[in-house]
Amino acid sequence: MTSAVATQTRNLPLLVTPSLAAGRTYIVTGANTGLGFEASKHLATLGAGKVILAVRNPAAGDIAKQEIDTAAGTAGTSVVEVWPLDMASYDSVRAFVRRVDAELERVDAVVLNAAVAQAKREMAEGHLLSVTVNVLSTILLATLLLPVVKRKAAEGAMPRLVMVASRAGFDSKEDWRGSRGILYGPTKLAETLAVRHLARELVPADKTGVIINLVCPGLCVTNLARNAPQDFTEKLREMHAKFGRTAEDGSRTLLHGVVAGVESHGKLLHSCEDGEYVAPSNLALG
Ligand SMILES: NC(=O)c1ccc[n+]([C@@H]2O[C@H](COP(=O)([O-])OP(=O)(O)OC[C@H]3O[C@@H](n4cnc5c(N)ncnc54)[C@H](OP(=O)(O)O)[C@@H]3O)[C@@H](O)[C@H]2O)c1
């Protein structure tokens with residue numbers, strides 16, 4: 001992703017406006033920190049009716065809620081809510097979707113943002129943790145949510161499932177073990193390819209009324225690589241200093257997905273621009 005990162009723009013436009021957000025209901029996974037936190041803060045500040053922070057650690061979610069309430073002026077209201085969701089567990093994903101179905105009157109967009117990048121070999125649901133969290137549970141969540149958000153769409157509106165992906169996957173020369181043992185890039189590539197297939201071939205927006213798009217936030221200064229080996233994080237720190245977007249800036253790409261039209265269905269968006277990211281022609285999938 002080096003070349004794409006080296007030329008990435010900063011100070012992106014904020015494409016969700018108060019009139020677009022007012023009274024709407026949004027769900028953001030992995031909303032306690034990083035890009036998910038900043039996107040949720042924007043949505044609450046812009047006047048959303050409900051912002052669900054879907055987090056694996058409710059205590060971290062409560063702290064995030066307090067910060068967002070202070071920034072958005074929503075303290076003492078039920079606008080921002082913290083709901084448990086652990087993407088390492090299929091049961092948790094299923095329970096979360098049942099709760100969305102049971103408790104939310106409407107859903108306008110879900111930002112599927114939660115992901116993990118780590119070198120430690122940890123298993124969940126029979127697969128490496130990052131495969132389960134970044135790919136399998138993410139696709140499971142999108143698939144289970146699709147009929148629910150369709151049912152809960154406001155009259156005449158097309159709800160969005162915004163899948164937070166990464167162009168890093170396309171540039172990855174890693175096998176499934178990943179560079180320095182970090183399995184990340186290939187999981188984001190698998191997510192992208194699976195979502196494209198799902199969206200374009202299996203659930204076209206004109207049949208379901210639901211827009212599924214992918215967004216790449218670019219290289220952003222977050223704590224995503226907190227569990228990576230030291231030599232990797234040192235190199236990343238240099239890249240962050242040279243090219244990184246702030247988490248707030250990068251979160252604007254997530255919000256682009258929230259408002260992008262039907263033409264974004266099945267496409268990988270980046271930098272708040274129209275049109276899809278074109279992968280390098282030397283992409284090797286073998
Ligand atoms: N930062 C970048 O440069 C960059 C570039 C391209 C794409 N992205 C993508 O952007 C998204 C957000 O990343 P970020 O940079 O904001 O990273 P981050 O700060 O590490 O945020 C990741 C979020 O995912 C949550 N999460 C991890 N495992 C989970 C699980 N099992 N269940 C539920 N939530 C879980 C984390 O919760 P905890 O706090 O509890 O760990 C955290 O809230 C990811 O999809 C990432 O792949 C980031």
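Look up a bit, the structure's there.
Residues numbered from 1 in each chain as written. Predicted model: local features only at pLDDT ≥ 70, side-chain atom pairs only at ≥ 80, totals over all residues. Heavy atoms only, no water.

Peer 1: An account of the overall build of the protein chain is needed here, citing residue identities and associated values.
Peer 2: Helix and strand counts for the protein chain come out as 11 helices and 11 strands. The C-alpha radius of gyration of the protein chain comes to 18 Å, within 12% of the 19 Å expected for a compact globule of 286 residues. A principal-axis box enclosing the C-alpha atoms of the protein chain has dimensions of 45 × 40 × 40 Å. With 286 residues in all, the protein chain has 54% of them scored as buried. Partitioning the intrachain contacts of the protein chain with sequence separation of at least 6 by distance along the chain shows that 77% fall at a separation of at least 24. (Helix = DSSP H or I, 4+ residues; strand = E, 2+ residues; numbered from the N terminus. Rg over C-alpha atoms; globule rule 2.2 N^0.38 Å. Buried < 20%, exposed > 50% of the residue type's maximum accessible area, 1.4 Å probe, protein only. Contact = heavy atoms within 4.5 Å.)

Peer 1: Tell me about the sheet that holds strand β7 (residues 160–164), residues and numbers included.
Peer 2: One open sheet accounts for 7 strands, arranged β3-β2-β1-β4-β7-β8-β11; its pairing is parallel. Looking at the sheet topology across the chains shown, the edges are occupied by β3 (80–84) and β11 (268–270). Here the average twist between neighbouring strands, direction ignored, is 25 degrees. Pairing geometry for strand β8 (residues 211–216) and β11, over 3 bridges, is parallel. (Pairing = 2+ DSSP bridges. Axes fitted to C-alpha atoms, helices over the stretch in contact; angles between N-to-C directions.)

Peer 1: Describe the packing of helix α3 (residues 34–45) against helix α4 (residues 58–72), listing the residues and the values that go with them.
Peer 2: Closest axis-to-axis distance for the α3/α4 pair is 9 Å, and the angle between their directions is 40 degrees. Between α3 and α4, the angle falls in the class oblique. Crossing of α3 against α4: the hand is right-handed. Seen from α3, the contacting residues are F37, S40, K41, A44 and T45; seen from α4, they are A64, E67, I68, A71 and A72. (Parallel < 35°, antiparallel > 145°, perpendicular 65-115°, else oblique. Left-handed = near helix turned anticlockwise from the far one by under 90°.)

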